[in-house]
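Chain residues, written in single-letter form:
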Amino acid sequence: MDRQELIDQLVEKISGVTDIVVVPHHNPDGDALGSALGLSGALKAMGKSVKVVSPNGFADFLAWMTDAAEVISYEQKPELARRYTANAQMIIMVDFNGLSRVRGMQSLLENSKAFRIMIDHHPDPEDAADIMISDPEVSSTCELVYSVLKGAGWNHYLSKELAECIYAGIMTDTGSLSYNSSRPETYHVVAELVERGIDKDKVHHLVFHSNSFSRMRLLGHSLGQKMVLIPECKAAYISLSTDELKRFDFKPGDTEGIVNYPLSIDGVNISALFTEKDDFVKISFRSRGSFPVNKFSEAHFNGGGHMNAAGGESKLSLAEAIRQFETLLPEFIANLESHS
Ligand code: 5GP
Ligand code: MN
């Protein structure tokens, strides 16, 4: 079914519901939160009763987004999150392709009787919704949400503030239009957002230039002391222990983007960041070119994502997870090469 047919179905379905819950993925990034808030704001402007229920909180650098303060975090307010989810007539899932991406909220979504819609741009989506608007070609879920609103004839509900949420998601998922942004459509959407009067420079400042002093020192430490090269794999990785994070006064969002830096080394095409959490190790992967970090993460680190940007986790210790990575990466590369 083509996108417009799916949008037409969605329009018809939404006309019959009032209570809607919009859900981004766990650890919502700029694209997940921007699409959730942009979409929910437009639906509210249409007169719907809409709540954004997130599996957990989000980083401070996203707190400027309109209505961000009203987002319900399941981790902080599980009962409230449960109540809204249970009573919703429709649940719209944004920026994730499988129910496990909402972690602890998974059973809430599975048990809900609500009509489910998924709007997402990750490859290989699970069949987890009644209407799936999934397009791995688009830069971001925010771009897709804009296209859906436009296709539904609802883009006039996007205020300047909501358009800024959408713009922020496109910027964060494309590294300010440096990757995942080779389709002309992305620029048409950006142009239309600019026509809506967004303060583009303000959004860039809020998202990319509001680092704390300690976050900049953590970045310096990561690059100066913790970056390890694996030249034979054209790879580099950084690891951060809980002690180090404490030393640099870690706040959620502080490690965001650190994984991209090693890729700017000439000759490095694969990058990983290991972040030690209380009971697991979170791993972020990035690549340039054709190395599929999502497949690597799926195969070995219980994760997934896009070909050039993926995440996963390990229950091993930090040192063991790194050792596993160092062993598995050359094997995976050799295997890819033998099949190409
Ligand atoms: P990040 O490294 O910024 O956390 O995530 C990069 C990309 O991988 C995002 O598109 C995100 O949705 C996806 N991703 C991150 N962690 C996981 C995970 O644990 N499982 C899956 N399936 N995808 C992930
Ligand atoms: Mn995204």
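This is a predicted model, so every value here is computed, not measured. (Residues numbered from 1 in each chain as written. Chains lettered and ligands numbered in written order. Predicted model: local features only at pLDDT ≥ 70, side-chain atom pairs only at ≥ 80, totals over all residues. Heavy atoms only, no water.)

Asker: Whenever I open this one, the nonpolar core confuses me. Can you help?
Answerer: Where a protein is soluble and globular, its nonpolar side chains tend to be buried together. Residues Ile92, Ile119, Ile133 and Leu193 are the most contacted members of the largest nonpolar core, which totals 53 residues. A per-element tally of this core places helix α6 (residues 160–173) first, with 8 residues. When near neighbours in sequence (up to four residues on either side) are disregarded, Leu193 contacts Tyr146, Leu158, Ala163, Ile166, Tyr167, Ile170 and Ile198. In this structure, Tyr237, Ala272, Phe285 and Leu328 belong to the second largest nonpolar core, which totals 23 residues. (Core = buried A, V, L, I, M, F, W, Y, C linked by side-chain atoms within 4.5 Å. Buried < 20%, exposed > 50% of the residue type's maximum accessible area, 1.4 Å probe, protein only. Helix = DSSP H or I, 4+ residues; strand = E, 2+ residues; numbered from the N terminus. Contact = heavy atoms within 4.5 Å.)

Asker: Please explain helix α7 (residues 184–195) as it appears in this structure.
Answerer: The first and last C-alpha atoms of α7 sit 17 Å apart over 12 residues, in line with the 16 Å expected at 1.5 Å per residue. The complete set of buried residues in α7 reads Thr186, Val189, Val190 and Leu193. Taken around the axis of α7, the buried residues stretch over an arc of 100°, which confines them to a single face. The exposed residues of α7 that point more than 90 degrees off its buried face are Pro184, His188 and Glu195. In this fold, the buried residues of α7 make contact with α5 (141–151) and α6. Where α7 terminates, the next one or two residues include Gly197, which has phi positive at roughly 95°. (Expected span 1.5 Å × (residues − 1). Arc of directions from axis to C-beta.)

Asker: What should I look at first to understand the pattern of salt bridges in this one?
Answerer: Any two side chains of opposite charge can pair if their charged atoms end up close together. On inspection of all chains with the given rule, the structure shows 14 salt bridges. For Glu143, the salt bridge identified is with Arg183, shortest N-O distance 2.9 Å. Highlighted residues: Glu143 in helix α5 and Arg183 in the loop between α6 and α7, separated in sequence by 40 residues. By relative accessible area, which is 1% here, Glu143 ends up buried. Residues joined by salt bridges that share partners form a network here, namely Lys44, Asp67 and Glu70. (Salt bridge = Lys/Arg side-chain N within 4 Å of Asp/Glu carboxyl O.)

Asker: Help me understand a nonpolar patch on the surface in this model?
Answerer: Taken together, the side chains of Leu223, Met227 and Tyr261 define a hydrophobic patch exposed on the protein surface, amounting to about 230 Å² of accessible area. Structurally, Leu223 can be placed in helix α9 (residues 213–225). For Leu223, a relative accessible area of 30% corresponds to the partly exposed category. (Patch = residues over 30% accessible without salt bridge, like charges linked within 9 Å, V, L, I, M, F, W, Y side chains within 5 Å. Areas by Shrake-Rupley, 256 points an atom, 1.4 Å probe, with all protein chains shown as cover.)

Asker: What's the story with the environment of Ser210 in this structure? I'm lost.
Answerer: With respect to the helices and strands, the residue Ser210 is situated in the loop between α8 (200–208) and α9. Using a relative accessible area of 42% as the deciding quantity, one classes Ser210 as partly exposed. Counting along the chain gives 149 residues from Ser210 to Phe61, while the straight-line C-alpha distance between them is 6.8 Å. If sequence neighbours within four positions are ignored, Ser210 has contacts with Phe61 and His205. A polar side-chain atom of Ser210 sits 2.4 Å from the main-chain carbonyl oxygen of Leu206. (Polar contact = N/O pair within 3.5 Å; in protein donor to acceptor, adjacent residues only side chain to side chain.)

Asker: I would appreciate a short explanation of the site of ligand 1 in the present structure.
Answerer: Contacts to ligand 1 come from 13 residues, most closely from Arg101, His122, Lys282, Ser284 and Arg286. Within the side chain of His306, an N or O atom sits 3.3 Å from an oxygen atom of ligand 1. Interatomic distance of 3.3 Å between a backbone N/O atom of Gly311 and an oxygen atom of ligand 1. A total of 500 Å² of accessible area belongs to ligand 1 in isolation, and the protein chains cover 81% of it. When residues in the shell around ligand 1 are grouped by element, the largest group, 4 residues, is from strand β12 (residues 309–314). Each residue belonging to the shell around ligand 1 can be placed in one class, and the counts come to 2 nonpolar, 8 polar and 3 charged. (Near = heavy atom within 4 Å. Nonpolar A, V, L, I, M, F, W, Y, C, P; charged D, E, K, R; others polar.)

Asker: Explanation requested: the sheet that holds strand β7 (residues 227–230) in the structure shown.
Answerer: In sheet architecture, strand pairing relies on hydrogen bonds along the backbone and comes in two forms, parallel and antiparallel. Here 6 strands make up an open sheet; going across it, the order is β7-β8-β9-β10-β12-β11 and the pairing mixed. Edge strands, defined here as strands with exactly one partner in the open sheet, are β7 and β11 (304–305). Bridging between strand β9 (residues 270–276) and strand β10 (residues 281–287) involves 7 bridges; their strand directions are antiparallel. The residue bridging Phe274 from the neighbouring strand is Ile283, located in β10. Helix-sheet contacts for α9 involve β7 and β8 (235–240), and the interaxial angle to β8 is about 130°. (Pairing = 2+ DSSP bridges. Axes fitted to C-alpha atoms, helices over the stretch in contact; angles between N-to-C directions.)

Asker: Hey, could you run me through the coordination of the manganese ion (ligand 2) in this one?
Answerer: Six octahedral donors at a metal ideally form angles of 90 or 180 degrees, and four tetrahedral donors ideally form angles of 109.5 degrees. Looking at the metal site, the manganese ion (ligand 2) is ligated by Asp31 (OD), Asp95 (OD), His121 (NE2) and Asp173 (OD), spaced 2.2 to 2.4 Å from it. Positions of the donor residues of the manganese ion (ligand 2), expressed as sequence spacing, correspond to D-x63-D-x25-H-x51-D. Here the residue Asp31 occupies a position in helix α2 (residues 30–45), and Asp173 occupies one in helix α6, the gap between them amounting to 142 residues. (Donors = N, O, S within 2.8 Å, 3.2 Å for Na, K, Ca; no water.)

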